[in-house]
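Residues per chain, in single letters:
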Amino acid sequence: MASSIVNVPFQAMKGVDCHYVGLKPSTSSKFSCVKTAIRVPSPRLFVVRASEKHDGPIKKLGLSDAECEAAVVAGNVPEAPPVPPKPAAPAGTPVVPSYPLSRRPRRNRKSPVLRAAFQETQISPANFVYPLFIHEGEEDTPIGAMPGCYRLGWRHGLVEEVAKARDVGVNSVVLFPKVPDALKSPIGEESYNDNGLVPRTIRLLKDKYPDLVIYTDVALDPYNSDGHDGIVREDGVIMNDETTYQLCKQAVSQARAGADVVSPSDMMDGRVGAIREALDAEGFQHVSIMSYTAKFASSFYGPFREALDSNPRFGDKKTYQMNPANYREALVETHEDESEGADILLVKPGLPYLDIIRLLRDNSSLPIAAYQVSGEYSMIKAGGVLKMIDEEKVMMESLMCLRRAGADIILTYFALQAARCLCGEKR
Ligand code: PBG
């Protein structure tokens, strides 16, 4: 049964012959809604369409209200269907007296209509941010560890993918570049090359789709010959303030190209405040910062690192990313990022860290983002391919759970597939 009406920005639907019209029972998916081919003049008009055929009204006899009442008073009660018989239980069902329960929560789950009425959490394509991998090539290269994901050619495949996403109401993307090895260096200068892959791509996308919201990743790992998010000192230490200096240049370069939201994912201390100051100094007061506030040193990032060939060349990221065993420490990061001026706080990974999402939700008034990372995506895909789980249902459930835990937006490789599903499209 359909459970939510999606609220899609009109802008996203421009040039597309479809509008969301709301509830329609569907046996298969709990999350679907209907899309029709009518053009709706007003930007945000939702039409609830009856989904069943009616017999038509009962024929009128031309009686006045007084005549109808008089007939009933006189004992000529008109006919209506009888009280339905009690449905039979299977033979052998024990006959027991009803337990005297004052509360039976199942009453509110009795029918699809009641369940839809009392649903506490909604999800819509407007909540999704679509992470996209880009490269310098003209072809799209499949990513082995992430079935259904590609390194997209920045001028071709990427633009088509963005168009598809916009068609179903996903109008936010975050870009991850695969940088040629020859451009990688120990201090990652390529990260702030104004004509590098990311700034070039931002300009192209903004030119084609001015209302597209572009998030960027701020970190050195795709540009760093050591594969770390920061500059690595001779003794292996990741240098905090020197890295932050580079990140500021990277963020400004992305803002100059037209990025809407820069997202430091590096976990250096103090980088949110430093980036805010650098952006403001260059006149980018309007550019937001989504801080990776609680980013854990997680093995769920494996497929992503394969996608970008960004595995650390030595060691791990445990001196900057958080220990997966820690909870309170996320509050320390939250208070820092808030006071430094972050606009959005992000938790990553997603599903294994629902408690952290809830912690941030309850301790900050800022919007919360959750990143359903590559490993989470690949596990659901693999389970689906092996027919061990129903991929689509598990996908939608995992996204709904992230929302329930307190995420406003979700970065997910499922963005397009899930939005299509929410629109009642199956492919
Ligand atoms: C690095 C970065 C990573 C991801 C996003 N930005 C990987 C890492 O920290 O090693 C992971 C995303 C994913 O796994 O989907 N700045």
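Here we summarise the structure given alongside this text. (Residues numbered from 1 in each chain as written. Predicted model: local features only at pLDDT ≥ 70, side-chain atom pairs only at ≥ 80, totals over all residues. Heavy atoms only, no water.)

Direction vectors running N to C along helix α12 (residues 391-405) and helix α13 (residues 415-422) enclose 100 degrees, while the axes themselves pass 11 Å from each other. In terms of their interaxial angle, α12 and α13 are classed as roughly perpendicular. Mapping the contact onto sequence places Glu391, Glu392, Met395, Met396 and Leu399 in α12 and Gln417, Ala418, Cys421 and Leu422 in α13. Taken together, the residues of the contact of α12 with α13 sort by class into six nonpolar, one polar and two charged. (Axes fitted to C-alpha atoms, helices over the stretch in contact; angles between N-to-C directions. Helix = DSSP H or I, 4+ residues; strand = E, 2+ residues; numbered from the N terminus. Parallel < 35°, antiparallel > 145°, perpendicular 65-115°, else oblique. Contact = heavy atoms within 4.5 Å. Nonpolar A, V, L, I, M, F, W, Y, C, P; charged D, E, K, R; others polar.)

Okay, the pairing of strand β13 (residues 368-372) next. The buried count for β13 comes to five of five residues, which makes it a mostly enclosed element. Burial along β13 is two-sided: Ile368, Ala370 and Gln372 and Ala369 and Tyr371, pointing in opposite directions, are all buried. By the bridge criterion, three bridges tie strand β12 (residues 344-348) to β13 in an arrangement that is parallel. Bridging across to β13, Leu345 finds its partner in Ile368. Viewed along the sheet, the connection from β12 through helix α10 (residues 354-363) into β13 turns out right-handed. Direction of pairing for β13 relative to strand β14 (residues 409-412): parallel, over a ladder of four bridges. Pairing of Tyr371 across the sheet is with Leu411, part of β14. (Buried < 20%, exposed > 50% of the residue type's maximum accessible area, 1.4 Å probe, protein only. Pairing = 2+ DSSP bridges. Right-handed = clockwise from strand over helix to strand, strands pointing away.)

The next subject is the pattern of salt bridges. Within this structure, the stated rule accounts for 19 salt bridges. For Arg276, the salt bridge is made with Asp343, and the minimal N-O distance between the two is 3.9 Å. In this pair, Arg276 sits in helix α7 (residues 271-281) while Asp343 sits in the loop between α9 (329-340) and β12, placing the two residues 67 residues apart along the sequence. Judged by relative accessible area, which is 14%, Arg276 ranks as buried. What emerges from the salt-bridge pattern is a single network uniting Asp194, Arg256 and Glu282. (Salt bridge = Lys/Arg side-chain N within 4 Å of Asp/Glu carboxyl O.)

Turning our attention to the site of the ligand. In the neighbourhood of the ligand, 17 residues make up the surrounding shell, with Ser265, Arg305, Lys348, Ser374 and Tyr413 lying closest. In this structure, a nitrogen atom belonging to the ligand sits 3.3 Å away from a side-chain N or O atom of Asp229. Between a nitrogen atom of the ligand and a side-chain N or O atom of Ser265, the distance comes to 2.7 Å. For the ligand, whose free accessible area comes to 400 Å², the fraction covered by protein is 100%. Residues of the shell around the ligand, tallied by class, amount to seven nonpolar, three polar and seven charged. (Near = heavy atom within 4 Å. Polar contact = N/O pair within 3.5 Å; in protein donor to acceptor, adjacent residues only side chain to side chain. Areas by Shrake-Rupley, 256 points an atom, 1.4 Å probe, with all protein chains shown as cover.)

Time to look at the environment of Val261. Inspection of the secondary structure puts Val261 in strand β10 (residues 261-264). Along the primary structure Val261 and Ile289 are separated by 28 residues, whereas in three dimensions their C-alpha atoms are 5.5 Å apart. Other than its neighbours up to four places away in sequence, Val261 contacts Val213, Ile214, Tyr215, Thr216, Ser288, Ile289, Met290 and Ile344.

This part takes up the pairing of β12. Most of β12 sits inside the fold, with five of its five residues counted as buried. Along β12, one buried face is formed by Ile344, Leu346 and Lys348 and the opposite face, lined by Leu345 and Val347, is buried too. In the sheet, strand β11 (residues 288-295) pairs with β12 via five bridges, with the strands oriented parallel. Residue pairing across strands places Tyr292 opposite Leu346, the latter belonging to β12.

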